[in-house]
Each structure stands twice: as C-alpha cells, then as structure tokens.
Amino acid sequence: MSSGESKSGGGEGRTVVKKFKAVTRKEGAGFTIHRPIGDTQMSTAMTDPFLMLDELGPITYGKGEFEGAPWHPHRGIDTVMYLKEGQGDHQDSTGNKGTLYAGDCQWMTAGSGIIHDEGRNHPGGKLHGFQMWINLPKKHKWTDPAYRTIRSNEKPHYTNKDGSVQANIIAGTVGDVKAKIQPVVPIQYIEFMLEPNAAYTHNIPKEMETCIVYVYEGDGTFSSKEVKAERRSTLLFSKDGGAVSFAAGEKGLKFLLLAGKKLKEPVAWHGPFVMNTQEEIMDCIRDYQNGKLVRAKPKELLAKSWK
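Now for a look at the structure at hand. No experiment lies behind these values; they were computed from the predicted model shown.

Conventions we followed
- Residues numbered from 1 in each chain as written.
- Predicted model: local features only at pLDDT ≥ 70, side-chain atom pairs only at ≥ 80, totals over all residues.
- Heavy atoms only, no water.
- Pairing = 2+ DSSP bridges.
- Helix = DSSP H or I, 4+ residues; strand = E, 2+ residues; numbered from the N terminus.
- Axes fitted to C-alpha atoms, helices over the stretch in contact; angles between N-to-C directions.
- Expected span 1.5 Å × (residues − 1).
- Buried < 20%, exposed > 50% of the residue type's maximum accessible area, 1.4 Å probe, protein only.
- Arc of directions from axis to C-beta.
- Contact = heavy atoms within 4.5 Å.
- 1 Å grid on protein atoms, 1.4 Å probe; cavity = no way out; pocket = protein on both sides within 12 Å on 5 of 7 lines; lining within 4 Å.
- Points joined across faces, edges and corners; volume = space filled by probe spheres on them.
- Nonpolar A, V, L, I, M, F, W, Y, C, P; charged D, E, K, R; others polar.
- Salt bridge = Lys/Arg side-chain N within 4 Å of Asp/Glu carboxyl O.

Focus on the sheet that holds strand β2 (residues 23–27)
The seven strands lie next to each other as β2-β3-β4-β11-β6-β9-β12, forming an open sheet whose pairing is antiparallel. The sheet terminates laterally at β2 and β12 (146–150), the two strands that pair on one side only. Within this sheet the neighbouring strands show an average axis-to-axis angle of 20°, counted without direction. One ladder, built from eight bridges, connects strand β6 (residues 77–85) with strand β11 (residues 125–135); its direction is antiparallel. In the strand pairing of β11, L83 is matched with G129.

In structure tokens form, the structure reads like this:
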C-alpha cells in the first residue's frame, strides 16, 4: 500500500523495460562522473528529449584540487546543474557570473550559443551534483541564451502526510506542488527521497512517453513487478501508462526521476553542440572557431524555451 500518491496524470502502472548500471567516465579537467544517460546503453531516441545525465561524486576534494569544467561552448540545448553538496563559481562569455551553493540549481538555455566556465573555486570538502542536458526543439534552438538560478530555499518541495516521502521539484509537478520553471518541452525532473520501507505512486502524464530513473543512494523496488535497484541503477520504463510505483528498502531510497514528451526530431550531436543536421553542426564548429558562436547576451530571466 502506497503511503502517498501524486494526483497528476493517470493510467496503468509503467513497467521497467531496461535496467543497467551507469558507466564511469572522465570529464572536464579530468574529474570522474557516472553517466546513466548519454552513453551506449540507450539511444537518443530512447531517452528523447534527454540527452545526458552525469553524476559528479559524491567525492571529497582538497582545496584547489577540483578544477571544474573550463571554458567551453554550447548551442541547441538546455543544461541543468543541480548541486547537492559543495559549491562552485560559474561565469560566461558575456560577463555573467555567480556561485552555486549546496542545494542550488542553475537552468541554462544555451540556445543560439554561449561559452561558459563552471565549477571553479570549490573550497574543499565533499562535492556531489548532477548535470543534465535537454534537447531543444528545432524552433527553439536559436532562442537567445538565458539562465536562472534557483536557490536551495526556493526549490518547490513536496512532503506526504507522514513525512516518509519527500521530493524536490526542479521541473514538473508532484501532487499539487509545481516547479518554478516549466520548459516548453513538457518534462519532469524530480528528486525523490524515501525513508526506509516507505512507498509511493507517482503519476506521469501520458504524453511524457520517456521515463527514466537513476538511483543515487539506498535501494528499493520499482513497478508492480518489484524490480530491484540500488546505487547507480538506471531504469527505463515503458511508454504506456501513467503511474510509476516504488518502495524503499531498509536503508531508504533516493533517486532522480526524469519524464518527458519526445521531440521526435533528427539529432545531430558533436561534443557540446546538438542540432538537427550535420551541416548545422559544421556551422557551430565554424562559428566557434571564428568567434561568432555567441550572438546574444544571456540574461537572468525566463527564456523563450520556458513557460
């Protein structure tokens, strides 16, 4: 019996159609990440509209040891940095700068093009966070860059009646609690945290055919078939049905749930650029080499790719 239930969406429960462990890779200035989305286990058609999800840490660094991700470009995507623990500075090619602290989230629309530097000046100590890339529809790839920082105390938060199930809502809805940012591509980006032996059923709108779970702490079971999952488990769910049910084990359960409406557009992807054709990718590379990638100044306001 579930100890709580989201009221959005509906339909029969989704089942797990694929399960695997996130791969480990080196990124940025050589730091180690775990990558559940964006490697070889699932195609971009399977994860559409999500392109990549990386988990950094949890790991402890000495002061000055973590070099972050030095200056690099992006075009055609949204990037979302969710910092669980630690802190880091960021800046971009037009002079915008700031600092993310534990619990903060930065949602950046690269749009027509941006060059930025992130994760610098970590003071030492534990570092843990997630970066996700979301594809932009063709009609929004040339929108002006924009970003928004959501501080830890600003994130919408859901708690069930007995407090055994909690959720941080970066995008989407849990119960009657809505995120501060709703992208034009309907998605859910939710962090669920369950006490030991707690259970929950979360309904997802049927239009969101893609549903992926990544477990970052604890263990538990998912769907009516009680598929077991533990740290670094990645689960891809069936397209039909709205609800995803889950239950925590003896150690509790913490995971990210991503759900989204598929764009069903061609994907041309080279490094930090994601467009619709290889010709557009070559344009990105030429623009970057010729200093023409950045066409507009990002602003601390809602982008055209957000509602």
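Some words on helix α2 (residues 278–289)
Taking 1.5 Å of rise per residue, twelve residues should cover 16 Å, and α2 covers 17 Å from first to last C-alpha, within 8% of that figure. Those residues of α2 that fall on the buried side of the exposure criterion are E280, I281, C284 and D287. The buried side chains of α2 occupy one side of the element, clustering within an arc of 125° when seen end-on. Along α2, the residues that are exposed and aim more than 90 degrees away from the buried face are Q278, E279 and Q289. Check the buried side of α2 and you find it contacts β23 (268–270) and β24 (273–275).

Regarding the layout of surface pockets
The calculated volume of the largest pocket comes to roughly 620 Å³. Lining the largest pocket are 34 residues, with F31, A69, H72, E118 and Q131 positioned closest to its centre. It is β11 that provides the largest number of residues to the lining of the largest pocket, a total of five residues. Across the lining of the largest pocket, the residue classes break down as 15 nonpolar, 13 polar and six charged.

Structural notes on the pattern of salt bridges
One pass over the full model with this rule turns up 16 salt bridges. The salt bridge partner of E230 is K21, with a shortest N-O separation of 3.5 Å. Here K21 lies in strand β1 (residues 16–21) and E230 lies in strand β20 (residues 227–230), a separation of 209 residues in the sequence. Overall, E230 belongs to the partly exposed group, its relative accessible area being 31%. Here D54 and R35 are joined by a salt bridge, their closest N and O atoms 2.6 Å apart. Residue D54 is found in strand β4 (residues 50–61), and its partner R35 is found in strand β3 (residues 31–37); the two are separated by 19 residues along the sequence. Residue class for D54 comes out buried when judged on its relative accessible area of 9%. Through salt bridges with shared partners, a single ionic network connects E27, R35 and D54.

A look at the pairing of β12
Of all five residues in β12, four are buried; the element is thus mostly enclosed. Note: strand β9 (residues 105–109) against β12, five bridges, orientation antiparallel. Among the inter-strand pairings, T109 is bridged to a residue of β12, identified as A146.

Describing the sheet that holds strand β10 (residues 114–120)
Spatial strand order, β5-β10-β7-β8: four strands in an open sheet with antiparallel pairing. Each edge of the open sheet is held by one strand with a lone partner, namely β5 (69–74) and β8 (97–100). Adjacent strand axes in the sheet meet at a mean angle of 20°, parallel and antiparallel pairs treated alike. Here strand β7 (residues 88–92) pairs with β8 via four bridges, running antiparallel. Within β8, the residue paired with G88 across the bridge is L100.

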